[in-house]
Amino acid sequence: MADRTALEDADIGTKTHRAVVRDALGVGVAVGLSGFAFGVTSAGGGLTLLQTCALSLLVFTGASQFALVGALAAGGSPFTAAAGAFFLGVRNAFYGLRLSQLLALPRAVRPFAAQWVIDETAAVALAQPTRRAARLGFVVTGLSLYLLWNLTTLLGALGAEAIGDTDAWGLDAAGPAVFLALLAPMLKTGTERAVAGLAVLLGLGLLPVLPAGVPVLLAALAAPAVLWADGRRRGGQGDAR
């Protein structure tokens, strides 16, 4: 009886791990293909093939990469472009705090694993029921996404150089379109949607009057503003009771 139970548990564990690998590969492939749009956008914005590939290899966080090349292409200074990309990337540090407890990786491995701490790997790992499944999801998602993102970045940059003026083909809109496609599924609550909406208003409203890159930085004020207003609203409801 004990042997039968052990075999059943092992079979359930195998099926669970297969499902984790399937889901992780699905996320890695779906998002990894977006690297092509980044390669096109970066090359069209004036970055060299080496600079474009280096961003994907070393930075490896899509939103920050698109923000950086978008600000540079619009004529922003490297400082403001890098600052906007940095603020977008700060969220990965919070993912890292949670994942460090969940995955409990050896100290020697953590610096290398940190390179893969992004939205997609965090989402897959945190959705798993066990530490082993979380580790598997993190590794498969990170590895597949990293390899495919860098490969498609290279292909996109080479393709942009081959076709010449990306604006004439309308490919200058590829970066913003992909960024919105990645962002939209993450807006699940009213507060999150309010932050996104206010950020868009600030970014677009300030774009004609401020240097390129600065509106992105000021759009970050949307989060504390919405959270403050939400806190005031909740406080008012509590007083009314």
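The notes below deal with the structure included here. (Residues numbered from 1 in each chain as written. Predicted model: local features only at pLDDT ≥ 70, side-chain atom pairs only at ≥ 80, totals over all residues. Heavy atoms only, no water.)

A cluster of nonpolar side chains, namely Phe-36, Leu-151, Leu-154, Leu-155 and Leu-158, defines an oily patch on the protein surface of about 420 Å² accessible area. When residues in the nonpolar patch are grouped by element, the largest group, four residues, is from helix H9 (residues 131-163). Tracing the chain through its elements places Leu-151 in helix H9. Using a relative accessible area of 45% as the deciding quantity, one classes Leu-151 as partly exposed. (Patch = residues over 30% accessible without salt bridge, like charges linked within 9 Å, V, L, I, M, F, W, Y side chains within 5 Å. Areas by Shrake-Rupley, 256 points an atom, 1.4 Å probe, with all protein chains shown as cover. Salt bridge = Lys/Arg side-chain N within 4 Å of Asp/Glu carboxyl O. Helix = DSSP H or I, 4+ residues; strand = E, 2+ residues; numbered from the N terminus. Buried < 20%, exposed > 50% of the residue type's maximum accessible area, 1.4 Å probe, protein only.)

Although it is not a glycine, Phe-60 sits at a positive phi angle of roughly 50°. Looking at where Phe-60 falls in the secondary structure, it is placed in the loop between helix H3 (49-58) and helix H4 (62-73). On the basis of relative accessible area, Phe-60 is assigned to the buried category, the value being 3%.

According to the stated counting rule, one finds two salt bridges in the structure shown. The salt bridge involving Asp-23 is made with Arg-22; its shortest N-O contact spans 3.4 Å. Residue Arg-91 pairs with Asp-119 through a salt bridge whose shortest N-O separation is 2.9 Å. Here Arg-91 is found in helix H6 (residues 91-103), whereas its partner Asp-119 is found in helix H8 (residues 119-126), with 28 residues between them in sequence. Judged by relative accessible area, which is 23%, Arg-91 ranks as partly exposed.

Residues of H3 that are buried: Thr-52, Cys-53, Leu-55 and Ser-56. For H3, the buried positions fall inside an angular range of 150° around the axis, keeping them on one side. Structural note: H3 exposes Leu-50 and Leu-58 on the side pointing more than 90 degrees away from its buried face. (Arc of directions from axis to C-beta.)

Further remarks concern the environment of Ala-122. With respect to the helices, strands and loops of the structure, Ala-122 is situated in helix H8. Judged by its relative accessible area of 3%, Ala-122 falls in the buried class. For the pair formed by Ala-122 and Leu-99, sequence separation is 23 residues and the distance between their alpha carbons is 7.1 Å. Setting aside anything within four residues of it in sequence, one finds Ala-122 in contact with Tyr-95 and Leu-99. (Contact = heavy atoms within 4.5 Å.)

The topology assignment puts Ser-64 in helix H4. Using a relative accessible area of 3% as the deciding quantity, one classes Ser-64 as buried. Reaching out from Ser-64, the side chain makes a polar contact with the backbone oxygen of Ala-85 at a distance of 2.8 Å. (Polar contact = N/O pair within 3.5 Å; in protein donor to acceptor, adjacent residues only side chain to side chain.)

This part covers the packing of aromatic side chains. Scanning the model with the defined rule gives five aromatic pairs in all. A centroid spacing of 6.4 Å and a plane angle of 45° characterise the contact between Trp-116 and Tyr-146, whose relative ring orientation is tilted. One end of the pair, Trp-116, is in the loop between helix H7 (110-113) and H8; the other, Tyr-146, is in helix H9, with 30 residues separating them in the sequence. In this pair, the class of Trp-116 matches that of Tyr-146, namely buried. Grouped by ring-pair contacts, the aromatic residues Phe-38, Phe-66 and Trp-149 constitute a single cluster. (Phe/Tyr/Trp six-rings, centres within 6.5 Å; stacked < 30°, edge-to-face > 60°.)

For the pair H6 and H8, interaxial distance at closest approach is 10 Å and the crossing angle is 30°. On the basis of their axis angle, the class for H6 and H8 is roughly parallel. Classified by chirality, the crossing of H8 by H6 is left-handed. Contacts from Arg-91, Asn-92, Tyr-95, Arg-98, Leu-99 and Leu-102 of H6 reach H8 at Asp-119, Ala-122, Ala-125 and Leu-126. Here the residues of the contact of H6 with H8 sort into six nonpolar, one polar and three charged. (Axes fitted to C-alpha atoms, helices over the stretch in contact; angles between N-to-C directions. Parallel < 35°, antiparallel > 145°, perpendicular 65-115°, else oblique. Left-handed = near helix turned anticlockwise from the far one by under 90°. Nonpolar A, V, L, I, M, F, W, Y, C, P; charged D, E, K, R; others polar.)

What follows covers the side chain of Gln-65. Relative to the helices and strands, Gln-65 is located in helix H4. In this structure Gln-65 touches Phe-38, Leu-55, Ser-56, Val-59, Phe-60 and Trp-149, once residues within four positions along its chain are discounted.

Take the environment of Leu-202 next. With respect to the helices and strands, the residue Leu-202 is situated in helix H11 (residues 190-206). Along the backbone, Leu-202 and Leu-221 are 19 residues apart, and their C-alpha atoms lie at a distance of 8.7 Å. Ignoring any residue separated from it by four or fewer positions in sequence, one finds Leu-202 in contact with Leu-218, Ala-219 and Ala-222.

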